[in-house]
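Examining the three-dimensional arrangement
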Amino acid sequence: MSNVDSHTDTDASTHEQAKRALADRLANRHRGKDNAVSSRELAESVPVSASTVRDLIAEIRREFNLPIGSSNGYFVIDDADELARQIDRQKRQAETSMQTAEEMAAAWNRNRRER
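Notes on the structure follow. All of these numbers come straight from a predicted model, not from anything done at the bench.

Let us now look at the overall build of the protein. A tally of helices and strands in the protein yields four helices and two strands. Start at the N end of the protein and walk to the C end: the helices and strands fall as α-α-α-β-β-α. Taking 115 residues into account, the globule formula puts the C-alpha radius of gyration at 13 Å, and the protein, at 18 Å, lies well above it. Dimensions of the protein along its principal axes, counting C-alpha atoms only, are 55 × 40 × 20 Å. Counting the 115 residues in the protein, one finds 30% classified as buried. In the protein, of all internal contacts separated by at least 6 residues, the share reaching a separation of at least 24 is 52%. A gap of 5 Å separates the mean positions of the 18 positive and 20 negative side-chain charges of the protein.

Below is the structure:
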């Protein structure tokens, strides 16, 4: 499901136009980590906010089959070594998020027992 599903037709049109423009820009101008571009700079090139750019990146990965990585900005991954680094980075982030969730639950449970 797209983030635009709850928007009006006009918003949907703008959303789709922005997505196509971002996909085109990334594919043609931002290949490789050395050509990374910030979400703020991408947002300035289309009529959406930087936070919307971050949402659109996920949709672009799925719908345009672009392997977009991030490290000081977004870029299209163009070699296997960089793909491996990006996958490792995502796995570490997921592990950290799981650890945080477990720590939050443990703290909650300890707090409740102390009441």
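Turning to unusual backbone geometry, a few remarks are in order. Even without glycine at this site, Asn65 takes up a positive phi of about 55°. Positioned with a positive phi, Asn72 is a non-glycine residue whose angle comes to about 55°. Along the chain, Asn72 turns up in the loop between strand 1 (68–70) and strand 2 (74–76). By relative accessible area, which is 77% here, Asn72 ends up exposed.

Thresholds applied
Residues numbered from 1 in each chain as written. Predicted model: local features only at pLDDT ≥ 70, side-chain atom pairs only at ≥ 80, totals over all residues. Heavy atoms only, no water. Helix = DSSP H or I, 4+ residues; strand = E, 2+ residues; numbered from the N terminus. Rg over C-alpha atoms; globule rule 2.2 N^0.38 Å. Buried < 20%, exposed > 50% of the residue type's maximum accessible area, 1.4 Å probe, protein only. Contact = heavy atoms within 4.5 Å. Lys, Arg positive; Asp, Glu negative; His and termini not counted. Charge placed at Lys NZ, Arg CZ, Asp CG, Glu CD.

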